[in-house]
Amino acid sequence: MYPPPHAYAPVPAPAPRPPRRWWQHPALIITALVLLPPVGIALAWTSQWERTQKILATVLSGIWFLIPLLSDPPKEAEGKGKAQTTAAASASPTPSTSPSPSPAQTAAPTPSAEPLMPSAVGWPYAQAEKTVEELIDGELKALSAYADVALPADHGTWLVCFQDIAAGTGLAPQSAAPAVHLVAPGTNCPAAPGTDLRPKPAAPTTAPTTAPAPDEDETGGSGGGGGNVSYKNCTAVKAAGAAPIRRGDPGYARHLDRDGDGVGCES
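Let me sum up the structure you'll find in this document. Residue positions are given per chain, counting from 1 as you read along its sequence in written order. Under the rules for a predicted model, residues below a pLDDT of 70 receive no local features and side-chain atom pairs below 80 are neither given nor counted, while totals for whole chains, interfaces and linings still include all residues. Processing note: side-chain calculations cover all non-hydrogen atoms of the structure and skip hydrogens and water entirely.

## Remarks on the overall build of the protein chain
Line of reasoning, step 1. Summing up its helical and strand segments, the protein chain has seven helices and five strands in all.
Line of reasoning, step 2. Secondary structure is summarised from DSSP: a helix means a run of H or I of at least four residues, a strand means a run of E of at least two, and numbering begins at the N terminus for each. Seen in sequence order, the protein chain has helices and strands lined up from the N terminus as α-α-α-α-α-β-β-β-α-α-β-β.
Line of reasoning, step 3. Partly exposed describes any residue whose relative accessible area lies between the buried limit of under 20% and the exposed limit of over 50%, with all areas from a 1.4 Å probe on protein chains only and scaled to the type maximum. Burial status across the protein chain gives 21% buried among its 267 residues.
Line of reasoning, step 4. Computed by Shrake-Rupley with a 1.4 Å probe, the accessible areas treat only the displayed protein chains as cover when residues are assessed. Within the structure as shown, the protein chain displays about 19,100 Å² of accessible surface, and the carbon and sulfur contribution to it stands at 62%.

Structure (C-alpha cells):
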C-alpha cells in the first residue's frame with residue numbers, strides 16, 4: 001500500500017545567501033593569498049567559498065608563505081659549517097716546507113739604509129748644521145767661500161754657497177766629515193770656492209829700475225824713514241820680513257793695503 005500523500009513532511013527551501021561584499025571578491029582574495037598570505041587567509045574565511053575551498057586555500061597560501069622562511073636556515077647552517085671548518089683548518093698546525101735558515105744566515109745583521117747628504121745650498125749654516133749632524137756622528141765643517149774673507153765665530157746666519165759632498169751621496173761613517181762654504185748674508189756667491197772677494201790687480205810684467213820717491217799720500221805720511229824702500233807686492237814684503245806692513249813703515253804703499261785699513265800684507 002502506498003502511504004498517503006500527507007505522510008511526508010515538506011522539504012524546506014534553502015536559505016538565501018547574504019549579498020557578497022567587495023572584500024569577498026574571488027580575484028581580490030586570490031591576489032591577497034599570493035602577495036600577503038596572512039591577509040588572504042583571513043579574507044578567504046570571510047568569503048562565501050565552501051569549507052573545502054577555504055581549507056585548501058589556507059594550506060596552499062601557508063606553504064607559499066613558509067617556503068622563504070624554511071629555505072634560509074639551511075644556508076645559514078651551511079655558512080656556519082664552512083666558517084667552523086675554516087677556523088679549524090687555520091687553528092690546526094701546518095708543517096712548514098721551507099728550509100730552516102743556516103746559523104750564518106741567522107747571525108747576519110740586516111743592513112740599515114745609509115743616510116744621504118741633503119742639498120744644503122742656500123740654507124743658513126745653522127739649519128744645515130742641524131740637518132747634517134743628525135745624519136752623521138761628527139760635525140759639519142764650515143769654511144768661508146772667499147779666500148780673503150775670514151769666517152766669524154758666529155756664522156749661523158751665513159748662507160751655504162757650496163758643499164763638498166754632493167746632494168744624494170751616502171754619508172758613510174768612515175767617509176770624511178762634510179764641509180760647506182759660506183758667505184755673509186747679502187753677499188753673492190763666488191764662481192768657485194777660494195776666490196778673492198777683492199781680487200788683486202795683476203802685477204806689472206817689468207819693474208822699473210829705479211823706484212820713484214813715494215809721496216806723502218802713498219807712504220801714509222812721514223816718519224817711516226827709508227824713503228827709497230819700495231815693494232812690488234806682498235810676496236816681496238814677506239820675503240823681506242816686513243809683513244805686516246803698516247802706514248808709516250818704510251815701503252808702505254796703497255797697493256799693499258787693499259782694504260785701506262792702514263795695515264798691508266796681513267796674511
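## Quick look at the pattern of salt bridges
Two side chains carrying opposite charge are able to pair once their charged atoms lie near each other.
Line of reasoning, step 1. What makes a salt bridge here is a side-chain nitrogen of Lys or Arg within 4 Å of a carboxyl oxygen of Asp or Glu, nothing more. Scanning the model with the defined rule gives one salt bridge in all.
Line of reasoning, step 2. The residue Glu 134 makes a salt bridge to Lys 130 at a minimum N-O spacing of 3.0 Å. Comparing Glu 134 with Lys 130, the two get one shared label, exposed.

## Points about unusual backbone geometry
Residues apart from glycine generally show negative phi values, whereas peptide bonds are mostly found in trans.
Line of reasoning, step 1. For the peptide bond that leads from Ala 243 to Pro 244, omega is -5 degrees, which places it in the cis range.
Line of reasoning, step 2. Along the chain, Pro 244 falls in the loop between helix H7 (234–239) and strand S4 (245–246).
Line of reasoning, step 3. Here the phi dihedral of Cys 265 falls at roughly 55 degrees; this positive angle occurs in a residue that is not glycine.
Line of reasoning, step 4. With respect to the helices and strands, the residue Cys 265 is situated in the segment after strand S5 (263–264).
Line of reasoning, step 5. According to the relative accessible area criterion, Cys 265 is buried, its value standing at 6%.

## Observations regarding the layout of surface pockets
Line of reasoning, step 1. Considering only enclosed or pocket space, the second largest pocket measures out at about 380 Å³ in volume.
Line of reasoning, step 2. Both cavities and pockets are sets of points on a 1 Å grid over the protein atoms alone; in a cavity a 1.4 Å probe fits but cannot get out, in a pocket the set is open with protein on both sides within 12 Å along at least five of seven lines, and lining residues sit with an atom within 4 Å of a point. What lines the second largest pocket is a set of 15 residues, among which Asp 148, Lys 200, Arg 258, Glu 266 and Ser 267 lie closest to the centre. Grid points are joined across faces, edges and corners, and a volume is the space filled by probe spheres set on the points.

## Focus on the nonpolar core
Line of reasoning, step 1. In terms of nonpolar packing, the biggest core is built from 14 residues, with Tyr 125, Leu 140, Val 180 and Leu 182 touching the most fellow members.
Line of reasoning, step 2. Looking at this core, the element that brings in the most residues is helix H5 (residues 125–133), giving three residues.
Line of reasoning, step 3. Note on definitions: a residue-residue contact is assigned when non-hydrogen atoms from the two residues lie within 4.5 Å. Sequence-distant contacts of Tyr 125, that is, excluding residues within four places in its chain, are made with Leu 140, Ala 142, His 155, Gly 156, Trp 158, Val 180 and Leu 182. We call a set of buried residues a nonpolar core when its members are Ala, Val, Leu, Ile, Met, Phe, Trp, Tyr or Cys and they connect through side-chain atoms within 4.5 Å of each other.

## Concerning a nonpolar patch on the surface
Line of reasoning, step 1. A cluster of nonpolar side chains, contributed by Ile 30, Val 34, Leu 35, Leu 36, Val 39, Trp 45, Ile 55, Val 59, Ile 63, Trp 64 and Ile 67, occupies part of the molecular surface with about 1,100 Å² of accessible area.
Line of reasoning, step 2. Every element with two or more residues in the nonpolar patch is listed here: helix H1 (26–35), helix H2 (37–45) and helix H3 (51–91).
Line of reasoning, step 3. The element contributing the most residues to the nonpolar patch is H3, with five residues.
Line of reasoning, step 4. The class of Trp 64 is exposed, set by a relative accessible area of 52%. Within the patch definition used here, like charges are joined within 9 Å and nonpolar side chains (Val, Leu, Ile, Met, Phe, Trp, Tyr) within 5 Å, considering only residues with over 30% relative accessible area and no salt bridge.

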